[in-house]
Each structure stands twice: as structure tokens, then as C-alpha cells.
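Okay, here's what each chain looks like letter by letter:
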Amino acid sequence: MANLDINRVRKSYGRHEVLKEVNISVGDGDFLVLLGPSGCGKSTLLNIIAGLEDITDGEVLIGDRLVNDLPPKDRDIAMVFQSYALYPTMTVRQNIEFGMKIRGVPAEERAKATEAAAEMLQMSTLLDRKPSQLSGGQRQRVAMGRAIVRHPELFLFDEPLSNLDAKLRVDMRTEIKRLHQRLGATIVYVTHDQIEAMTLATKVAVMKDGIVQHFGAPQEVYDRPANTYVARFVGSPAMNIIPGRLLNSDGAPTVAFDTPNGEALISGVTLSPEVARDFAGREVLVGIRPEHFSLDGEGVVPVGVDIVEPTGPDTLVVFSAGGTEVVARLDPVELGIGEQVRFAVKADKVVLFDPKTETRLD
Ligand SMILES: Nc1ncnc2c1ncn2[C@@H]1O[C@H](COP(=O)(O)OP(=O)(O)OP(=O)(O)O)[C@@H](O)[C@H]1O
Ligand SMILES: [Mg+2]
């Protein structure tokens, strides 16, 4: 297993620059998720790590070894694609053994490795079937089995679950997490699904237009997103971003925003004294996660309820503030349309953004 360093990597197709100075470093055993919308450059970056695409500029190190000029077969990696790329005429066993056979691994050893992988992936009973006799999730397991028996330094996954239905996706997600824990492997995993990213990753790189917007631990990315783009991309329902202002106060930083029912005043927001001074009296964007509103404690946000959506475990309440639609996630509660209430806010969880640059204020 190995650490992975991506230093100042750029990639252009002709004049179209699809990766712009990407810097990412993860340690041995990390689970790195590349997260972003379609076309942001995730697969390009994964293919660069695999050696399937060359680099325009920068360097890639796997286990401290510079691999820029190494062909894929010498990089000690195993890749699992979205389309499982199984050989249709071979059985599951033959599919899994094929790579080892090519590398000249003796038959007995091949069989042992295959049985072990099959057991780990709970598909021992499927070894003699052909891919056409398997479900999507089972084919996905075979593709993973083929990767496992290589014992690579690095596993690369490109949207491996996107062909599966919702229920199977969740099951396979757990399977991949278990696999990571058992193997202690270093994994790079591409997805545009932020829940997959949050549940699997030890480190997430949120990408947009070929630029890494935020690289960090999932909880950090969730709690203190680098900018409004990351704030909105990670979490569902998304973080509320409400136009407001930072007040000129001597005490704890206080933000205000207007609602049709009066002014909201949230005091005790986390902000360094320097930034609090710089932005005092200025406009800011107030970022509040839906779950940080509640009906307990001091009600500081006057709310006129527009929409109520019970989801089962909680109730979503939509209201208007700062000229935008805001969503609160409360414990199950009965509220009527048009009802006036006051929500408390976890002030220490509120993040502020500069309205010009949309980056987070610290
Ligand atoms: N061979 C190529 N030639 C020219 N442009 C390319 C090539 N491959 C990819 N691109 C462009 O590079 C950008 C990034 O593509 P990439 O496949 O990395 O995106 P992605 O984030 O994996 O998207 P998706 O989620 O849709 O798979 C896109 O704008 C794409 O059109
Ligand atoms: Mg892709």
C-alpha cells in the first residue's frame, strides 16, 4: 500500500485546459474521493494516476516513486471501471484469474487467491457462472475481485456504483467500505454523489471546472466549506446561504438578516477578531445547515412557514429569509402553513462567506 502525491498537475486537450494545478496528497491507507459534477475532470485525473492519460505539467508520485513516465502495467495499481469490463465468454473464476495467469502466477496460487477474494466479496457460489448470468451488483463484485487479487499499491475506482439501482448502491457502498477496512488499502474513488463521498472518504477533493475547490476530511469539508460552491454541493438539503450583514459589535460577532417577519439576529458566530473588524458593518453571506435550526432554546430567527415536508425521521420546513428560500430540518413536528414561529440557531456552526469572492471568512 502506498501514499499518493499529485503535485501541480495540469492537463490540456489542445487549448482546453481540463485540470488546472491540482495538488492532492494522501497517506497510506487513505480513501480519497474525487467529487464533482459531470465534466469537472474527475476521470481525467484518475486516468492520469493510472497512466492511461499523459500529464501536460506536474508530477504524480505513488509510494514516493515518480510515475509520470511509467506505463500503467508498471504502476502497481488496479482499476475498477463503471462498465465492469468483464470477459463475457469466461466464468467468474476465469475472469478473476485472468490477470494472474498473464503474469504467470502458478495455478494453485491463483485458485487460492480467487477463493479468498470470492469469500471476502461473498460470491463463492458464483465462481462457475458467466457474467451474463449475474446481476449488476454481482458483476460489480467480480470486477472488484479482479482488482483485489492483484494486491496493488493503489486501487482506482471510477463511479463503480453508478449502474446500480438505489438500494444496491447503498449495499455495495457498505461493501466497499468494509473492503477498505479489511485490506487497509489506499483507494482513489471517483463519484458525483456527495453521500457516497461523505460515507466512504477519509479525504475528499471537491472539484469544479478542473480546479480542486476544497481538499480535506469529509467532516471538515461539510462543517467549514472553503466557498459557497462546496457549501452547496456537499449536504442535502444544501447549506442555506442567506444574504445578511455583520454588525458593528464589540462583543461576540453577530450577524443579521431580514425576513418578512422581522430581523434575525444571531450572536456568537465563530470569526477571528481581525476578520470581525474588517467586515464589521459590511454585507456577508450567512451559511446555515438545515439541521442547525431548531425549536428549542432562544428563537432568534422569525419564521413564517411556507412549506412543511415530513420525511419520516425529520421534518423539513421551508421559509423565506434574506430574499431567498431557506430550509430547516427539525425533529418531527406539526407546523401549519403560514404559522409564525421563531427558530433557534447553533451559532457556533454558522459560517460566513465574502459576498464578492464567495470564499469562507475565518
Ligand atoms: N480525449 C479528450 N479530448 C478532449 N476533451 C476531453 C477528452 N477527455 C475528456 N475531455 C474533456 O475534459 C473535461 C473533463 O472530462 P472528465 O471525463 O474528466 O470529466 P468527469 O468529471 O469524469 O465527468 P463525468 O462525471 O461526466 O464522468 C470535459 O470537459 C471533457 O469534455
Ligand atoms: Mg468521469
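Reading guide: rules and limits
Residues numbered from 1 in each chain as written. Chains lettered and ligands numbered in written order. Predicted model: local features only at pLDDT ≥ 70, side-chain atom pairs only at ≥ 80, totals over all residues. Near = placed C-beta within 6 Å. Helix = DSSP H or I, 4+ residues; strand = E, 2+ residues; numbered from the N terminus. Nonpolar A, V, L, I, M, F, W, Y, C, P; charged D, E, K, R; others polar. Buried ≥ 20, exposed ≤ 12 C-beta atoms within 10 Å, placed from the backbone. Axes fitted to C-alpha atoms, helices over the stretch in contact; angles between N-to-C directions. Parallel < 35°, antiparallel > 145°, perpendicular 65-115°, else oblique. Left-handed = near helix turned anticlockwise from the far one by under 90°. Contact = placed C-beta atoms within 7 Å. Core = buried A, V, L, I, M, F, W, Y, C linked by C-beta atoms within 7 Å. Domains from an automatic or database assignment. Pairing = 2+ DSSP bridges.

Q: Residues and numbers for the site of ligand 1, please.
A: Every residue near ligand 1 is listed here: Tyr 13, His 16, Val 18, Gly 36, Ser 38, Gly 39, Cys 40, Gly 41, Lys 42, Ser 43, Thr 44 and His 192. Residue assignment for the shell around ligand 1 shows that the elements contributing at least two residues are strand 2 (16-26) and helix 1 (42-50). If one sorts the elements of the shell around ligand 1 by residue count, helix 1 sits on top with 3 residues. By residue class, the composition of the shell around ligand 1 is 3 nonpolar, 8 polar and 1 charged.

Q: For helix 1, give the residues involved together with the corresponding values.
A: Extensive coverage of helix 1 is indicated by the burial of 8 of its 9 residues. Looking at helix 1, one finds that the buried residues are Lys 42, Ser 43, Thr 44, Leu 45, Leu 46, Ile 48, Ile 49 and Ala 50. Looking at the residues trailing helix 1, positive phi occurs at Gly 51, about 90°.

Q: Explain the packing of helix 2 (residues 92-102) against helix 3 (residues 107-120) to me, and be specific about the residues and the numbers.
A: Contact geometry for helix 2 and helix 3: axes closest at 10 Å, N-to-C directions at 130°. Classed by the angle they form, the pair helix 2 and helix 3 counts as oblique. Regarding helix 2 and helix 3, the two cross each other, and that crossing is right-handed. Touching Arg 93, Ile 96, Glu 97, Met 100 and Lys 101 of helix 2 are Arg 110, Ala 113, Thr 114 and Ala 117, all from helix 3. Broken down by class, the residue content of the contact of helix 2 with helix 3 amounts to 4 nonpolar, 1 polar and 4 charged.

Q: Can you lay out the nonpolar core for me, pointing to particular residues and giving the numbers?
A: Grouped together as the largest cluster of nonpolar side chains are 99 residues, with contacts concentrated most on Leu 32, Val 33, Leu 34, Leu 156, Val 188, Ala 205 and Leu 352. For this core, the domains that each give at least three residues are domain 1 (4-233) and domain 2 (240-361). Discounting chain neighbours no more than four positions away, the residues touching Leu 32 are Ile 24, Val 26, Ile 187, Val 188, Tyr 189, Ala 201, Lys 203 and Ala 205.

Q: Give me the sheet that holds strand 19 (residues 324-330): which residues, what numbers.
A: Across the sheet, 3 strands lie side by side as 17-18-19; this open sheet has antiparallel pairing. Taken across any chain shown, the strands that pair with only one partner, and hence form the sheet edges, are strand 17 (307-310) and strand 19. Taking each pair of neighbouring strands and ignoring which way they run, the sheet shows an average axis angle of 25°.

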